[in-house]
Every structure is written in structure tokens, then in C-alpha cells.
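One-letter residues, chain by chain:
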Amino acid sequence: QFVRAQLQAGESTGFRVPQSAVVQTEDGRMVWVVRDGKAVATPVETGPWTGADWTVNRGLADGDQVITDNLIKLGPDTPVQAHPAAAAASAPAAR
């Protein structure tokens, strides 16, 4: 028996977002972000997967709120209201 493994060393900068938030289009990958209470499609450049997340190397800035749920209902300038992610809201408090 044998296994093939790929190891990556070093540091990378970027943002981790759930894979389900990254949409593949004919023009590349994008995520929906909240700007001024509306959904805005934002092209992104992704790096490797880490667990259940993509590393986004380009296209997002500090403070961007990425929409992770109900993406099928979104279109340009759809009014949205941001809520904390369910996983973060249900996570136990740190001691």
C-alpha cells in the first residue's frame, strides 16, 4: 500500500472563506459581499483549500462581509441584512 501526499510549506496571506461561498462562473470565481446593505458580486482569486475553506488571495479587503447562505436568491444590488455566521454564533465561548 502507498499514499500520495502533497505538503505545502511557508506562509500565505489571504482570507479564508467557506467553499460554499465561492461561486464558479464562466469568468472565474466570485463571492457575494455586503456593501451599503446590498449584495455585490466580487471576483476573487483563490488559493488552496484548507479544510472546508478556500483561501482567497485577491479580491477581498479587511472588513468585507462575505455572504455564505442563500446565494441562489442573490442578484446584483439585492437588498441584504448581514447576520453572524451560524457556526460562529453557535460556537462555545472561549474560557
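All values derive from a computational prediction rather than experimental measurement.

Cut-offs used in this document
Residues numbered from 1 in each chain as written. Predicted model: local features only at pLDDT ≥ 70, side-chain atom pairs only at ≥ 80, totals over all residues. Heavy atoms only, no water. Helix = DSSP H or I, 4+ residues; strand = E, 2+ residues; numbered from the N terminus. Buried < 20%, exposed > 50% of the residue type's maximum accessible area, 1.4 Å probe, protein only. Contact = heavy atoms within 4.5 Å. Areas by Shrake-Rupley, 256 points an atom, 1.4 Å probe, with all protein chains shown as cover. Core = buried A, V, L, I, M, F, W, Y, C linked by side-chain atoms within 4.5 Å. Pairing = 2+ DSSP bridges. Axes fitted to C-alpha atoms, helices over the stretch in contact; angles between N-to-C directions.

Colleague: Describe the overall build of the chain, with residues and values.
Modeller: Broken down by element type, the chain carries one helix and seven strands. Beginning at the N terminus, the succession of helices and strands in the chain can be written as β-β-β-β-β-β-β-α. Per-residue burial over the chain gives 23% buried out of 95 residues. Of the contacts formed within the chain by residues at least 6 apart in sequence, a portion of 58% connects residues at least 24 apart. Surface accessibility of the chain: about 7,600 Å² in total, with carbon and sulfur atoms responsible for 51%.

Colleague: Please give an account of unusual backbone geometry that cites residues and values.
Modeller: Of note, Asp-36 is a non-glycine position whose phi angle comes to about 55°, a positive value. The class of Asp-36 is exposed, set by a relative accessible area of 81%.

Colleague: Explain the nonpolar core to me, using residue names and the numbers behind them.
Modeller: Counting eight residues, the largest nonpolar core is built from Val-17, Val-22, Val-31, Val-33, Val-44, Trp-54, Val-56 and Leu-60. Elements that contribute at least two residues to this core include exactly strand E3 (28-35) and strand E6 (53-58). Among residues more than four places away in sequence, those in contact with Val-17 are Val-22, Ala-52, Asp-53, Trp-54, Val-56, Leu-60 and Val-66. Among the nonpolar cores identified, the runner-up in size contains seven residues, and Met-30, Trp-32, Leu-71 and Leu-74 belong to it.

Colleague: Summarise the sheet that holds strand E1 (residues 15-18); cite the residues concerned and give the values.
Modeller: Here we have three strands laid out as an open sheet, ordered E1-E6-E5, and antiparallel in their pairing. Taken across any chain shown, the strands that pair with only one partner, and hence form the sheet edges, are E1 and strand E5 (45-50). Adjacent strand axes in the sheet meet at a mean angle of 35°, parallel and antiparallel pairs treated alike. Looking at chain direction, E1 and E6 are connected through four bridges and run antiparallel. Across the sheet, residue Pro-18 finds its bridge partner in E6, namely Asp-53.

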